[in-house]
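Here is what each chain is made of, one letter per residue.
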Amino acid sequence: MMTLSSTRSAVRAGALTAALAAFLCTTATAVSVASAESPAARPAAVQADVPAGVTAGVAVFDRQTGTFTEQLNTAGQFRSASVVKLLIALDVLWNRSPDALSAADRARIDTMLRGSDDTAASTFWSNNGSGAIVDRMVTRLGLTDTARPPSTHPGYWGYTALSARDTVKIYRHLLDSAPAATRDYILGDLRQSTRCATDGYDQHFGIAGSFNRPWAVKQGWSGFSSGGCTAPAATAATASAAAGAAEEPAGADARTPAGADAVDLSRPALHTTGVVGAGDRSIVAVFTLHPGGTSYGKAYTDIGRLTRSLNVPGASRPAGTWVGTWGSGVRVRTQATTTSGAITTLPAGVEVLVGCQKRGQQVSQPPYVNDWWAQLPQYGGYMTNIYLSVPENQVPGVPVC
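Definitions and limits used
Within every chain, residues take consecutive numbers counted from 1 along the sequence as written. Local features are withheld for residues below a pLDDT of 70 in this predicted model, meaning they are given only at 70 or higher, and side-chain atom pairs are given and counted only at 80 or more; totals for whole chains, interfaces and linings count all residues. Calculated side-chain values reflect all of the structure's heavy atoms, with hydrogen atoms and water omitted. Per-residue confidence from the prediction method is given by pLDDT, with values spanning 0 to 100. Any two residues having at least one pair of non-hydrogen atoms within 4.5 Å are treated as being in contact. One bridge is not enough; two strands pair if DSSP finds at least two bridges between them. Secondary structure follows DSSP: runs of H or I at least 4 residues long count as helices, runs of E at least 2 residues long count as strands, and numbering of each begins at the N terminus. Comment: axis = line fitted to C-alpha atoms, over the contacting stretch for helices; angle = value between 0 and 180 degrees taken between N-to-C directions. To sort residues, take the accessible area from a 1.4 Å probe on protein chains only and compare it with the maximum for the residue type: under 20% means buried, over 50% means exposed, and anything in between is partly exposed. Side-chain rings of Phe, Tyr and Trp, where Trp is taken by its six-membered ring, are said to pair if the distance between their centres is within 6.5 Å; with planes under 30 degrees apart they count as stacked, over 60 as edge-to-face, and otherwise as tilted. Here, a charge over a ring means that NZ of Lys or CZ of Arg falls within 6 Å of the ring centre while also lying within 35 degrees of the ring normal. Among buried residues, the Ala, Val, Leu, Ile, Met, Phe, Trp, Tyr and Cys ones that are joined through side-chain atoms within 4.5 Å form a nonpolar core.

Draft legend 1. Broad picture of the confidence of the model for the chain. Here the chain averages 86 in pLDDT, while 81% of its residues score no lower than 70. Here residues 1-44 scores under 50 on pLDDT; set against residues more than four positions off or in separate chains, the count is 136 contacts. This stretch, residues 233-258, has a pLDDT under 50; its non-local contacts, to residues over four places away or in other chains, come to 68 contacts.

Below is the structure:
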């Protein structure tokens, strides 16, 4: 595992090094974005830019106008992964105030929504009727594409069928119909989403990576082998579940609605859902499936690019330049030195937003040496430029801090 983080630069040695530098020149990705893009400056409707090989279901609903600004395969059913935890939490709180929860159940909901904890979700799933939870919420919210897990995987709550348009309905209920105490409690937890989930996955992709706060998110992932995130709270049990996050069995169900069995359970899934902007103006739901074998960093990057392409009224977009990375175990640190504290690690090969760059400790990763460090505003720290996919020591066009 590499212990450093940043853009490559070089003490170039021989033809092999030159070939690698040429490769970097052709594969580097650096795209500048405005600091606070006005929705009015964009077309009224923008087609979602879906990366090659990705299957997506997308819905963006503007609560101010009561209209959708994005709709793509909105009825398509995806396995929910951890997004179903919204329904699990709402079921627990149906006709019940958050103040009436036991201390244990309140703690479970908090960690389930903030850190996407699977053990907490499995406890509620087993205690409250398993698939009957989904059946109840379908009836209560008038969901049309949602169904309990398929008959082949009856106890896997993460295999619940869910669509982008049903997810918008869930958030609209939470925002406009649920009791104020329930709304404030659940959204309060979603606003405190931790970067590292309890199973060691970096969950600040999609909405959380594309827009400035305020936002509140519930993410989902399934079918990846490594989430590349430092999670101090992760336990051996949750870490062992990382390859199939949000898919743990928890009892058996009596029946399965027709249609749930058709949901794709094999391709890696990555979903970002939530509310964005002042007054929670926009509801965003992006569901994605990726080709088999796709790394978490690649899927993370692809859903980020897709989410950034969307017309999201009220959203403020962070300033900076998006740049690809290479290497695994790359650390983000509090200062531009390898001896400063590590904030987290990056998913291997993920694209990052660089705000500025400055000189710091010289880092060597033969045949490269570099003393430039990139400031990553979304992480609140620095990575060495050696691990950025650009051929120069400095990232072209990025200002000095």
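There's plenty left to go through after this.
Draft legend 2. Just the sheet that holds strand 2 (residues 55-62), in detail. Within the open sheet, the 5 strands sit side by side as 3-2-8-7-6. Their pairing is antiparallel. Strands at the two margins of the open sheet, each flanked by one partner only, are strand 3 (67-72) and strand 6 (215-222). The average angle at which neighbouring strand axes cross in this sheet is 5°, direction not considered. Both strand 7 (residues 269-276) and strand 8 (residues 282-289) contribute to a ladder of 8 bridges, which runs antiparallel.

Draft legend 3. A look at the pairing of strand 7. Among the 8 residues in strand 7, 8 count as buried, and that is most of the element. Side chains Ala269, His271, Thr273 and Val275 of strand 7 all project onto a buried face; the interleaved residues Leu270, Thr272, Gly274 and Val276 project onto the opposite face, where all are buried too. In this structure, strand 6 lies alongside strand 7, joined through 8 bridges in antiparallel fashion. Residue pairing across strands places Val217 opposite Gly274, the latter belonging to strand 7. Counted along the chain from strand 7 to the antiparallel partner strand 8, the turn is 5 residues long, and its residue Gly277 has a positive phi close to 95°.

Draft legend 4. Local environment of the packing of aromatic side chains. Within this structure, the stated rule accounts for 11 aromatic pairs. A centroid spacing of 6.5 Å and a plane angle of 90° characterise the contact between Phe205 and Tyr296, whose relative ring orientation is edge-to-face. Taken together, the residues Phe205 in the loop between helix 7 (180-191) and helix 8 (207-210) and Tyr296 in helix 10 (residues 296-308) connect sequence positions 91 residues apart. Considered together, Phe205 and Tyr296 belong to a single accessibility category, that of buried residues. Geometry around Tyr185 places Arg106 over its ring, the cationic atom sitting 4.4 Å from the centre.

Draft legend 5. Representation of helix 2 (residues 85-92) within the structure. The element helix 2 is extensively covered by neighbouring structure, given that 8 of its 8 residues are classed as buried. Buried within helix 2 we find Lys85, Leu86, Leu87, Ile88, Ala89, Leu90, Asp91 and Val92.

Draft legend 6. Looking closely at the nonpolar core. Residues Leu310, Val352, Met383 and Leu388 are the most contacted members of the largest nonpolar core, which totals 48 residues. The next biggest cluster of nonpolar side chains, apart from the first, holds 45 residues, and it includes Leu90, Leu101, Leu143 and Ile283.

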